[in-house]
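What the coordinates show
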Amino acid sequence: MGKEGAVGRAHASGRCRLSKIGATRRPPPARVRVAVRLRPFVDGTAGASDPPCVRGMDSCSLEIANWRNHQETLKYQFDAFYGERSTQQDIYAGSVQPILRHLLEGQNASVLAYGPTGAGKTHTMLGSPEQPGVIPRALMDLLQLTREEGAEGRPWALSVTMSYLEIYQEKVLDLLDPASGDLVIREDCRGTILIPGLTQKPITSFADFERHFLPASRNRTVGATRLNQRSSRSHAVLLVKVDQRERLAPFRQREGKLYLIDLAGSEDNRRTGNKGLRLKESGAINTSLFVLGKVVDALNQGLPRVPYRDSKLTRLLQDSLGGSAHSILIANIAPERRFYLDTVSALNFAARSKEVINRPFTNESLQPYVLGPVKLSQKELLGPPEAKRARGPEEEEIGSPEPMAAPASASQKLSPLQKLSSMDPAMLERLLSLDRLLASQGSQGAPLLSTPKRERMVLMKTVEEKDLEIERLKTKQKELEAKMLAQKAEEKENHCPTMLRPLSHRTVTGAKPLKKAVVMPLQLIQEQAASPNAEIHILKNKGRKRKLESLDALEPEEKAEDCWELQISPELLAHGRQKILDLLNEGSARDLRSLQRIGPKKAQLIVGWRELHGPFSQVEDLERVEGITGKQMESFLKANILGLAAGQRCGPS
Ligand code: ADP
Ligand code: MG
């Protein structure tokens, strides 16, 4: 037995010198090969009532129903596809065995099982005594290989060691020495990744391996039972190292590492939060799994930066994933419909390419079940008006005799997914986003998609009510803004500033408020409304009859149909004028630019005029400034007088 720290340090200096020689000839990073394995139905659910939602097409591709549009099928392409009838030997011989020989060439390799909990990761990696998986098969072959290659008389002496660790919530835990705490990951000057303090057990036979591995696995299983979903949320990492030493000069050394990893479940933990995960945990995405996706993407797209350092798992795999390493990711998927969303997300993670095919997934499985009951549930969910709108051209087909003939009893057996798969995609999207929203708000209740229909309808109704409320408030605000804008526009044509002409409703609602012009009048209205001695009154003109109302009693909703006039007290207007005059005489160019209709050029002209001719005696003197016409002066006055007057009288300016 040894500790990696000692071994790592002993070799480090020699390796560092070697690395400089070949530093310029770096091979391009290797792609991560991706295989998909579809497991068979395991709980006896297969049959006419539960056809699979995914099926293989050939040795590299599969197809799955498109939940966004049931008239389409999604086709995914991989390096290899293993169907539900594939054996453990098929996977091993097809995707794992070929990379083992590279370990004896001093290269690294990794095999990762990816997929949602229950899709077959552990079965693929570990298997059972009757159906041993990748780990026992690889160990057997590797030990056999090293025995042969390291036999007396051969040029290299070989030794094999194993380490077994777990990454849980970004902590690295030694399963062969559970008492040791979180371990650190280091990189030596040659780029080799080390975990100082990690237990390494020498193994010469499969019995040796089992002796160390089985109790360590039990350690993990005990933990899993105690901590409920821990095993599905942690990465189990088995590291097998093959060390080679040349028996004769120049006594070279080689090291090849093989990582065999049963990854954490890829299901969205927020979505499965109803299965007893604590609130705090359910919000946390598995960082390592998330970053692994980014690393695989970066490697496979040949991006210049691969974010290995962003998580413990990828940091650990930095020298064994990409680069000169040989890596294979086996994405495990399940055929049952309840796995559908997790399957799609696993496929998206793993796919080399995705293609949308313009035809329904299958007429025998999805379609008949979709039709009758779904139409009903969609209508029920949407209510009569929406249901009418949701009825698209494809419902012509839906109404055809064959689907309608689907027996009522079959509809009762539908899984939630079957109902959802036929729902209006927009509605489904909305449900999902609501689902996510609830999860992000820490809702401890069942997620929306798994709530009963009645509760779902109540939630939908609440959301709709909120939407209506927001719409109503927006309209209210728009009306107020438009009213004040229109009033300014009317001022232009009015020679008497104290009385503004009535505005028609069309003008009010049709005016598109300018951002600049909106703020002041709104503030004004709010401030005025708060002031009992308001000096601005809005005259409501119902038909030909006029009625005076204080702003306190303003109810814009009702008044949308009416015409409006503004009446401003002469005293207030005089104050406004005085304020403008003060600004014209004392304000800097920057101050002047804060006024409506005064840009940087006009501000400069005003300041220049003031320096030449002294202070303005009245606002109308602006007309005398070169470049400002009488009309511009008037419009400037109207645009600013109300705002400045109100600022002075009704609140802090
Ligand atoms: P995971 O590790 O992804 O959570 P498991 O490997 O525990 O999933 O598989 C869940 C169940 O399905 C187990 O009972 C397992 O034996 C079974 N299973 C998985 N894959 C297969 C397969 N290819 N053939 C037969 N049974 C399988
Ligand atoms: Mg498992």
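About the cut-offs
- Residues numbered from 1 in each chain as written.
- Chains lettered and ligands numbered in written order.
- Predicted model: local features only at pLDDT ≥ 70, side-chain atom pairs only at ≥ 80, totals over all residues.
- Heavy atoms only, no water.
- UniProt positions renumbered as here; feature names shortened; annotations may be inferred.
- Helix = DSSP H or I, 4+ residues; strand = E, 2+ residues; numbered from the N terminus.
- Buried < 20%, exposed > 50% of the residue type's maximum accessible area, 1.4 Å probe, protein only.
- Contact = heavy atoms within 4.5 Å.
- Areas by Shrake-Rupley, 256 points an atom, 1.4 Å probe, with all protein chains shown as cover.
- Near = heavy atom within 4 Å.
- Polar contact = N/O pair within 3.5 Å; in protein donor to acceptor, adjacent residues only side chain to side chain.
- Salt bridge = Lys/Arg side-chain N within 4 Å of Asp/Glu carboxyl O.
- Pairing = 2+ DSSP bridges.

The name an unreviewed UniProt entry assigns to the chain is Kinesin-like protein, from the organism Gorilla gorilla gorilla. Recorded in UniProt for the chain, the comment headed Function (unreviewed entry) runs: "Kinesin family member that is involved in spindle formation and the movements of chromosomes during mitosis and meiosis. Binds to microtubules and to DNA. Plays a role in congression of laterally attached chromosomes in NDC80-depleted cells." UniProt annotates the chain under Sequence similarities (unreviewed entry) with the comment "Belongs to the TRAFAC class myosin-kinesin ATPase superfamily. Kinesin family."

1. What to know about the overall build of the chain
Assigned secondary structure in the chain consists of 25 helices and 19 strands. Looking at the chain as a whole, 48% of its 653 residues qualify as buried. Taking all contacts inside the chain whose residues are at least 6 apart in sequence as the whole, residues at least 24 apart take part in 70%. Of the roughly 33300 Å² of accessible surface on the chain, a fraction of 54% belongs to carbon and sulfur atoms.

2. A closer look at the site of ligand 1
As a structural note, the neighbourhood of ligand 1 is formed by R37, R39, P40, V42, P116, T117, G118, A119, G120, K121, T122 and H123. Between ligand 1 and R37 there is a distance of 3.4 Å, counted from a nitrogen atom to a side-chain nitrogen or oxygen. At 2.8 Å, a backbone N or O of K121 approaches an oxygen atom of ligand 1. The element contributing the most residues to the shell around ligand 1 is helix α3 (residues 121-125), with three residues.

3. Brief notes about the pattern of salt bridges
Tallied over the entire structure, the rule returns 14 salt bridges. Taking the shortest distance from any N to any O, the salt bridge between E105 and R101 comes out at 3.7 Å. On the accessibility criterion, E105 (39% relative accessible area) is partly exposed. Linking K638 and E634 is a salt bridge whose minimum nitrogen-to-oxygen distance equals 3.9 Å. Taken as a pair, K638 and E634 lie in helix α25 (residues 630-650) at a separation of four residues, close to a single helical turn. Take E634: its relative accessible area is 35%, and that puts it in the partly exposed class.

4. A closer look at the pairing of strand β2 (residues 32-38)
Among the seven residues that make up β2, six are buried, leaving the element largely enclosed by the rest of the structure. Strand direction decides the pairing type here: β2 and strand β15 (residues 326-333), joined by seven bridges, are parallel. Bridge assignment links V32 to a residue of β15, and that residue is S327. Pairing of β2 with strand β6 (residues 80-82) involves three bridges; the strand directions are parallel. Pairing of R37 across the sheet is with Y82, part of β6.

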